[in-house]
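Notes for the structure review
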Amino acid sequence: MAEVVLNNVSKIYPGGVIGCKDINLHIKDKEFCVLVGPSGCGKSTTLRVIAGLEEITSGELKIGDTVVNNIPAKDRDIAMVFQNYALYPHMKVRENLAFGLKLRKYPPAEIEKRIQETAKILEIDHLLDRRPKALSGGQRQRVALGRAIVRKPKVFLFDEPLSNLDAKLRVQMRVEIKKLHARLQITSIYVTHDQVEAMTMGDKIVVMKDGFIQQIDDPIKIYEKPLTKFVAGFIGSPAMNFISVKITSRNGNFEASEVPSGFVYMLKSEDFPFLRDYDGKEVVMGIRPEDIKDTIFANIKDAENTVPAVVEAEEPMGSENYIHLTTQSSAITMKTAGSNRVKMGDRLNLVFDRNKLHFFDRETDRKIE
Amino acid sequence: MDVVIFRRKLRNGLIFFALVVGAVFMLFPFLWMLFVSLKKTGHGFLLDFAFAKPFFANFKAVWNNPSFPFSRFFLNSLIVATSGAFLTALFCSMGGYVFAKKDFYLKELVFWMMLATLMVPGMMYMVPQFAIVTKLGWINTYKGMIIPHVANVFGLFLLRQHMETIPNSLLDSAKIDGASEWQIFRTIIVPLSLPVITTVFLLTFLFQWTNFLWQLVVNTPDSAKLTLPVGLALFKGQYSTEWTKLMAASAFSIIPIAVLFIAAQRFFIEGLTAGAVKE
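Predicted model, so just to flag it, every value in this text is computed and none were measured.

This part covers the confidence of the model for chain B. Residue and element names in this part refer to chain B. Across chain B, the average pLDDT comes to 87, with 94% of residues at 70 or higher. Confidence drops under a pLDDT of 50 for residues 274–279, and excluding neighbours within four residues, the segment shows 2 contacts in the predicted structure. For this predicted complex, the interface confidence reaches an ipTM of 0.84, while the overall pTM sits at 0.82.

Here we take up the layout of surface pockets. Residues and elements named next belong to chain B. If you add up the space inside the second largest pocket, you get close to 750 Å³. Lining of the second largest pocket is provided by 23 residues; of these, Y125, H149, A151, N152 and F207 occupy positions nearest its centre. Residue composition of the lining of the second largest pocket, grouped by class: 15 nonpolar, 8 polar and no charged.

As a further point, take the packing of helix α7 (residues 153–163) of chain B against helix α9 (residues 181–210) of chain B. Residues and elements named next belong to chain B. Relative to each other, α7 and α9 sit at 155°, their axes nearing to 10 Å. Between α7 and α9, the angle is such that the two are roughly antiparallel. As for how α7 packs across α9, the hand of that crossing is right-handed. Between α7, through F154, G155, L158, L159, H162 and M163, and α9, the contact on the second element is made entirely by I189, L192, S193, V196, I197, T199, V200 and L203. Along the lines of polarity and charge, the residues of the contact of α7 with α9 split into 10 nonpolar, 4 polar and no charged.

Now for the interface of chain A and chain B. Chain A puts 22 residues into the contact, and the matching count from chain B is 16 residues. For the pairing of chain A and chain B, the buried interface totals around 1,600 Å² over both sides, and the portion due to carbon and sulfur atoms is 64%. In this assembly, chain A and chain B are joined by 2 salt bridges. Here D172 of chain B and R48 of chain A are joined by a salt bridge, their closest N and O atoms 2.9 Å apart. At the surface where chain A touches chain B, the tally comes to 10 residue pairs in polar contact (both at pLDDT 80 or more). Elements supplying a minimum of two residues to the side of chain A that touches chain B: α1 (43–51), β6 (78–81) and α2 (93–103) of chain A. Here the side of chain A that touches chain B is composed, by residue class, of 14 nonpolar, 3 polar and 5 charged.

Reading the values: the criteria
- Residues numbered from 1 in each chain as written.
- Chains lettered and ligands numbered in written order.
- Predicted model: local features only at pLDDT ≥ 70, side-chain atom pairs only at ≥ 80, totals over all residues.
- Heavy atoms only, no water.
- pLDDT = per-residue confidence, 0-100.
- Contact = heavy atoms within 4.5 Å.
- 1 Å grid on protein atoms, 1.4 Å probe; cavity = no way out; pocket = protein on both sides within 12 Å on 5 of 7 lines; lining within 4 Å.
- Points joined across faces, edges and corners; volume = space filled by probe spheres on them.
- Nonpolar A, V, L, I, M, F, W, Y, C, P; charged D, E, K, R; others polar.
- Axes fitted to C-alpha atoms, helices over the stretch in contact; angles between N-to-C directions.
- Helix = DSSP H or I, 4+ residues; strand = E, 2+ residues; numbered from the N terminus.
- Parallel < 35°, antiparallel > 145°, perpendicular 65-115°, else oblique.
- Left-handed = near helix turned anticlockwise from the far one by under 90°.
- Buried area = accessible area lost by both parts, 1.4 Å probe.
- Salt bridge = Lys/Arg side-chain N within 4 Å of Asp/Glu carboxyl O.
- Polar contact = N/O pair within 3.5 Å; in protein donor to acceptor, adjacent residues only side chain to side chain.

Here it is, written out as structure tokens:
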């Protein structure tokens, strides 16, 4: 069991290509930390740096109390699960599980005991004498997990382990990995590009972009209080709506006028005192699809502060309905109950939940608070 | 419907006939060699059925001839071909691994320069190689016959191309599992490249087994290390050639190759087609 600490860790490839830069991260013992971000954001590089598969250009990496910058991967006492499983195709499942233990010269009886234990936990005991090509995707993933847990390492690293599975199996394995973590209580670092995986699995989420960390927090805080426009747009499905507005002070309150033209939305100055510095400037207003209501569906009488929009399309999901609308200058997605159906061309008057509005600086993309 | 079946049968029949003709054409020299090897001395080129008595007399005469140490030639060939093929397969595998999976300065340039040497005819190397071998005192030795041909660029190319298709995640996984560089090579790379390594082994074995010129060059006529191709040439006298015995010796000489190819046929075909399709 161990904590993992990265102090200003950077990985710069030849030619100046940034893998990851100035990563400061403290993953506590037994914590399940998820690194999430789009392709090329540096999450896998960070994981490979922790694994010892990439050399650190600068900074310090500690696993437990040991600085491991110069310790090779095999001596870091970590285990890794890969996206493509990376099972040795010429070895049976049993040999795949035993490989790491044999190399570490465990006695045969101990190896067999651990294989049996692991196989039981993952319910793969009937597959031990098969080769990887005779297994289904889900079974292969279990064997890959087995190969990691059989060694009882200090830290588990997962590199997009569910990406190759179909949607249903992915959900199932997600839960299994969570259960496994709860049972084994081993510090885990999980890389994914899927924000749903990140939200559902992580105790802590690290959102990355272009090699830099954007925000580190627990899933709910990341969702409710994103620090940048990127995080706000990346976490959440459907994504947060962004509307460019110009802030103008009027009668002690603020008007948010859609840019270049469109609706005018009134904001009370006591709710948004921080907008005072942006009087006369353009900002980005963000609102999540579930925080938008319609005067008809929400049964709001005489709503004075509404945004008129036209229905472009709807995506009925059964329990909920995603309605895609356009205002004069922006596209908006709204999430409503499945029974609330609309037709293309319908005109709706939208009401935003004022407590859930976010504002971002146009220049820096950072949240205005 | 019947016409369709008839046409299909006719087409299959024609294909079968063409294949049989092809097979006979390919097999004829072998069958002719066996036929002649069983005939009486002096009847080698006569279209008769005058077989030797006893039936395998020529084979016996070749194997037990005190003035013609056929079994010695056979053993020499076996040593040269086996060790040459083994060393070539080993070094090409190691080189292929490095070129496929490691990064070093000027890697691509070095590789393509090595590949470019394939365009130079082998004969061009013979004189400098002979000079080196002579200087090293390797005339009439196994070393002189084997070592100059151990560096095999074609084998290196074949193995590098195959090893590039082995996913890097397997090597990363082995590294994390605790494998050293040599253990990764031995337990992951070699087993996964076995079909191609077998192909390189067989091709090199075949090359060494049938290599006549180099082995003639690095052996003096009285050498104890003469190999089969050179030995077989001894049958061809200045005035006459004992064709029946020559053919018996030739028949002997193809046995190891035939056995090897039959035993490793599956690997050999896998090796030649490896990487042709995405699995």
